[in-house]
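Architecture and fold: a report
Chain by chain, the residues:
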Amino acid sequence: MNPSDIDRLVREAKGAKNNAIAPYSKFTVGAAIMTGKGNIYHGCNIENHSLMLSSCAERAALINALVDGERKFKAIAIVSGDKGYCFPCGACRQMLAEFAPEIDIYLTSGKGIEKFTISELLPHQFKKK
Ligand code: THU
């Protein structure tokens, strides 16, 4: 990904964060995923009265793309209101590992943007042989 695509993806993730529904945690997260075709899908976290039903921004973005038939993924940007990086939770890492094993994961913080891979974030991942 070239720097302008990365900046664009981060901007899209910031936009998606504005749609987060997080009245309980007050921790809003946005994600934007770029597919192999260059399409961008958005996700935000959505919390629910029944707290265990809350869903994460990353999985929402991935699922939105999968629902549209996308199967190849280049990159995902993840943005939160926090100063530090918002690392994807374990469940999101597993989903990304399964559906987007080659994906570049861009996290933002007050200090800038850093790239991670799935194997860095989820070594020894579960795979059905
Ligand atoms: N959350 C995400 O959306 N993505 C992450 O990577 C970590 C956590 C959400 C879930 C919940 O709505 C809120 O952040 C606080 O945990």
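Whatever comes next refers back to the structure up there.
Residues numbered from 1 in each chain as written. Predicted model: local features only at pLDDT ≥ 70, side-chain atom pairs only at ≥ 80, totals over all residues. Heavy atoms only, no water.

1. Comments concerning the overall build of the protein
Just so we agree on the cut-off: Numbered from the N terminus, helices here are DSSP runs of H or I no shorter than four residues, and strands are runs of E no shorter than two. Every radius of gyration here is taken over C-alpha atoms, with the globule rule written as 2.2 Å times N^0.38, N being the number of residues. Summary of the burial criterion: residues with accessible area below 20% of their type's maximum are buried, those above 50% are exposed, and those between are partly exposed, where the area comes from a 1.4 Å probe applied to protein chains only. The contact criterion used throughout is that any non-hydrogen atoms of two residues lie within 4.5 Å. In short, Shrake-Rupley with a 1.4 Å probe defines the accessible areas, and a residue's cover is counted only from the protein chains shown.
Counting its secondary structure elements, the protein contains 4 helices and 5 strands. Starting at the N terminus, the α and β elements of the protein follow one another as α-β-β-α-β-α-β-β-α. For the protein, whose C-alpha radius of gyration is 14 Å, the value lies close to the compact-globule estimate of 14 Å for 129 residues. Along the first, second and third principal axes, the C-alpha set of the protein runs to 35 × 35 × 30 Å. For the protein, with 129 residues in total, the buried portion stands at 42%. Within the protein, counting contacts between residues at least 6 apart in sequence, those at least 24 apart form 61% of the total. A total of about 7,500 Å² of accessible surface is found on the protein, and carbon and sulfur atoms cover 54% of it.

2. Here we look at the site of the ligand
Defined as follows: Proximity criterion: a residue is near a molecule or strand once any of its heavy atoms comes within 4 Å of it. In the analysis that follows, any N or O atom pair within 3.5 Å is treated as a polar contact, provided that within protein one partner can donate a hydrogen and the other can accept it, and provided that, for residues neighboring in sequence, both atoms belong to side chains. Amino acids are sorted into nonpolar (Ala, Val, Leu, Ile, Met, Phe, Trp, Tyr, Cys and Pro), charged (Asp, Glu, Lys and Arg) and polar (every other residue, Gly among them).
Around the ligand sit Ser25, Phe27, Val29, Asn45, Glu47, Cys56, Ala57, Glu58, Cys86, Phe87, Pro88 and Cys89, and those are all the residues in its vicinity. Take Glu47: an N or O atom from its side chain is 2.5 Å from an oxygen atom of the ligand. For the ligand, whose unbound accessible area comes to 370 Å², protein coverage reaches 78%. Broken down by class, the residue content of the shell around the ligand amounts to 8 nonpolar, 2 polar and 2 charged.

3. Things to note about the pairing of strand S5 (residues 112-117)
Here is the rule we go by: Between any two strands, pairing holds if DSSP finds at least two bridges.
In this structure, strand S4 (residues 104-109) lies alongside S5, joined through 6 bridges in antiparallel fashion. Residue pairing in the sheet places Thr108 in a bridge with Ile113 of S5. The hairpin turn running from S4 into S5, its antiparallel successor, is 2 residues long.

4. Some words on the nonpolar core
Note the following rule: Residues belong to one nonpolar core when they are buried, are Ala, Val, Leu, Ile, Met, Phe, Trp, Tyr or Cys, and are joined through side-chain atoms within 4.5 Å.
Among the nonpolar cores identified, the biggest contains 23 residues, and Ile33, Phe73, Ile76, Ile78, Leu96, Ile103 and Ile105 are the most heavily contacted of them. Breaking this core down by element, the ones donating at least two residues are strand S1 (29-35), helix H2 (57-67), strand S3 (73-80), helix H3 (90-99), S4 and helix H4 (118-121). Residue contributions to this core peak at 5 residues, all from H2. Once residues lying within four places of it in the same chain are set aside, the contact partners of Ile78 are Val29, Gly30, Glu58, Cys86, Pro88, Ile105, Tyr106, Leu107 and Thr108. Among the nonpolar cores identified, the runner-up in size contains 11 residues, and Ile6, Ala13, Met34 and Ile40 belong to it.

These results come straight from atomic positions and should not be treated as a statement about function.
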